[in-house]
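Residues per chain are reported as follows:
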Amino acid sequence: MRALTWQGKHDVRVETVPDPGIVNPRDAIVRVTSTAICGSDLHLYDHYIPGMKAGDILGHEFMGEVVEVGPGNSALSVGQRVVVPFVIACGGCFFCQKQQYAACDNSNPAEKADVSEVAYGYPMTGAFGYSHLTGGYAGGQAEYVRVPYADVGPVVIPDGIEDDRVLFLSDILPTGWMAAENCAIESGDTVAVWGCGPVGLFAIQSAFLQGAERVIAIDHHPHRLELAKVLGAEVIDYEEVKVREALVEMTGGIGPDACIDAVGMESHGMSIDNVVDQVKASVGLGTDRPHVLRQVIMACRKGGRVSIPGVYGGFADKFPVGALMEKGLTIKTGQTHVQRYKDKLLQMILEGAIDTTFLISHRLPLEDAAKGYRMFKEQQNEVTKVVLKPDGWRH
Ligand SMILES: NC(=O)c1ccc[n+]([C@@H]2O[C@H](COP(=O)([O-])OP(=O)(O)OC[C@H]3O[C@@H](n4cnc5c(N)ncnc54)[C@H](O)[C@@H]3O)[C@@H](O)[C@H]2O)c1
Ligand SMILES: [Zn+2]
Ligand SMILES: [Zn+2]
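Now for a look at the structure at hand. (Residues numbered from 1 in each chain as written. Chains lettered and ligands numbered in written order. Predicted model: local features only at pLDDT ≥ 70, side-chain atom pairs only at ≥ 80, totals over all residues. Heavy atoms only, no water.)

What you see with strand β18 (residues 386–389) is no split at all: V386 and L388 on one side and V387 and K389 on the other are buried throughout. Note: strand β3 (residues 28–36) against β18, two bridges, orientation antiparallel. Its bridge partner being in β18, T35 is matched across the sheet by L388. Relative to β18, strand β17 (residues 362–365) runs parallel, the two being bridged by four bridges. Paired with R363 across the bridge in β18 is V387. Once you follow β17 into helix α13 (residues 369–378) and on to β18, the crossover reads as right-handed. (Buried < 20%, exposed > 50% of the residue type's maximum accessible area, 1.4 Å probe, protein only. Helix = DSSP H or I, 4+ residues; strand = E, 2+ residues; numbered from the N terminus. Pairing = 2+ DSSP bridges. Right-handed = clockwise from strand over helix to strand, strands pointing away.)

This is the structure in structure tokens:
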């Protein structure tokens, strides 16, 4: 089959690789009809996340048709259309029973989990196409993919619903939803969202749906800020004003009740702290660039809530722990527990309460995936989301 493989920093290629097969009884094989490129993929493309090997198949946002089902999987049948959560979770362990699927203890094979155990104290959960730290599973930017624990993860899509309306149930829609939920929004709240990429935009949409009175969105790309405005947000261009000062002014001197960091470890901007972070990262003396996280903690009101869907991988330098403690902030974060939200969000899509198609700017054949990565990284203003179609344009 054809699949997009990681070869090194800024080097991804579509190659012919062996077809996947059933390995465990609960597996299924899915023929991919749509798969998207995520901001998290850029962290691999830029080689900020370690644990990649040349030839690894990328992609964790995908959907398609079930073409084979293992003998121990009675939940799925051949021919069904499914969206697959990026988190691989067994459904039965201590964590899955608590619906903390992104903490599943069974989906990262022992010898791979050892590496992340050293880095984080406990092993990470398995995920598709996201380095050997999360199990080294082949991803879904491919014609076919093996889905482990396929009786737990995949959500079956009713006939007649086109791919683009439901594809983002695999990751960014539940991620935006959980980012807002982690803000514990109260009526009258003002929520500030850093980053108007796909995750930030879905966080804005979700914050309103969960009862926020005002949302203030921060970015520097005019088109992405425009999309935020269409969703009802007020906007701040961080290249034009000082963000904390602007937020203070817009909230009567109090600050936002809740703040969402939908940027993560590769923050942009020419502020002194961010330039120092970039230099340190470039010579291997630092891992993450937590400029936005610092700003979020400084800008949030006293007693406020901080939600971090943006991905961080290593260590944060000059982290304002004093402000965090003295202001009594609450922080919630994590990879998304997609399986917890998938059914509810599918229902909201079907009822018309949520539209996900507005952020798709480009649809490309899988063969053009390398071009898609380049565009998503280098032309962020207009390239808001790239969807790859491995089977041409039939879906
Ligand atoms: N927690 C999860 O499970 C999960 C799931 C998906 C994505 N993510 C993470 O969410 C983050 C966003 O993903 P995305 O797909 O929207 O990415 P993206 O790269 O498309 O968007 C990031 C946006 O942040 C903006 N930005 C950069 N620096 C900024 C700054 N200083 N202030 C304000 N805005 C700034 C950029 O201009 C860009 O529009 C990434 O870190 C990604 O890895 C997390
Ligand atoms: Zn993603
Ligand atoms: Zn589990």
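There's plenty left to go through after this.
As a structural note, the neighbourhood of ligand 1 is formed by 33 residues, with S40, H43, D219, R224 and H268 the closest of them. In this structure, G334 approaches ligand 1 through a main-chain N or O atom, which is 3.0 Å from a nitrogen atom. Q380 is positioned with one of its side-chain polar atoms (N or O) 3.1 Å from an oxygen atom of ligand 1. Isolated, ligand 1 exposes 870 Å² of accessible area, and the fraction of that covered by the protein chains is 97%. Contributions of two or more residues to the shell around ligand 1 are made by α1 (39–45), α6 (198–209), β12 (214–219) and α10 (291–299). (Near = heavy atom within 4 Å. Polar contact = N/O pair within 3.5 Å; in protein donor to acceptor, adjacent residues only side chain to side chain. Areas by Shrake-Rupley, 256 points an atom, 1.4 Å probe, with all protein chains shown as cover.)

Let's shift gears to the coordination of the zinc ion (ligand 3). For the zinc ion (ligand 3), the protein coordination sphere consists of C90 (SG), C93 (SG), C96 (SG) and C104 (SG), at 2.3 to 2.4 Å. What the four donor atoms of the zinc ion (ligand 3) show is an angle range of 103 to 115° at the metal, which sorts the shape as tetrahedral. Donor residues for the zinc ion (ligand 3) sit on one chain with the sequence pattern C-x2-C-x2-C-x7-C. Of the two residues, C90 is situated in the loop between β7 (87–88) and α2 (94–97) and C104 in the loop between α2 and α3 (110–120); the sequence distance between them amounts to 14 residues. A residue is classified by how much of its surface remains accessible, and C90, at 5% relative accessible area, is buried. Residue C104 is classed as buried on the basis of its relative accessible area, which comes to 2%. (Donors = N, O, S within 2.8 Å, 3.2 Å for Na, K, Ca; no water. Tetrahedral: all angles 85-135°; square planar, octahedral: opposite > 155°, others 65-115°.)

Attention shifts here to the pattern of salt bridges. With the rule as written, the count across this model stands at 21 salt bridges. Residue D151 pairs with R26 through a salt bridge whose shortest N-O separation is 2.9 Å. With D151 in the loop between β9 (144–147) and β10 (155–156) and R26 in the loop between β2 (11–16) and β3, this pair connects stretches of sequence that are 125 residues apart. We note a salt bridge from R305 to D189, for which the minimum N-O separation is 2.8 Å. A residue pair is termed long-range when its members are at least 10 positions apart, and R305 in strand β15 (residues 305–308) and D189 in the loop between α5 (172–181) and β11 (190–194) qualify at 116 residues. On the basis of relative accessibility, which here comes to 8%, the residue R305 falls in the buried class. Take D189: its relative accessible area is 4%, and that puts it in the buried class. Here the residues in one salt-bridge network are R31, E65 and D391, joined through shared partners. (Salt bridge = Lys/Arg side-chain N within 4 Å of Asp/Glu carboxyl O.)

What follows concerns the pairing of strand β5 (residues 61–69). Of the strand pairs in this sheet, β3 and β5 are connected by eight bridges, and their pairing is antiparallel. Bridging across to β5, I29 finds its partner in E68. Of the pairings in the sheet, the one linking β5 to strand β6 (residues 81–84) comprises four bridges and is antiparallel in character. Bridging from a neighbouring strand, G64 pairs with V82 of β6.

So far we have only geometry, and geometry alone does not tell us how the molecule works.
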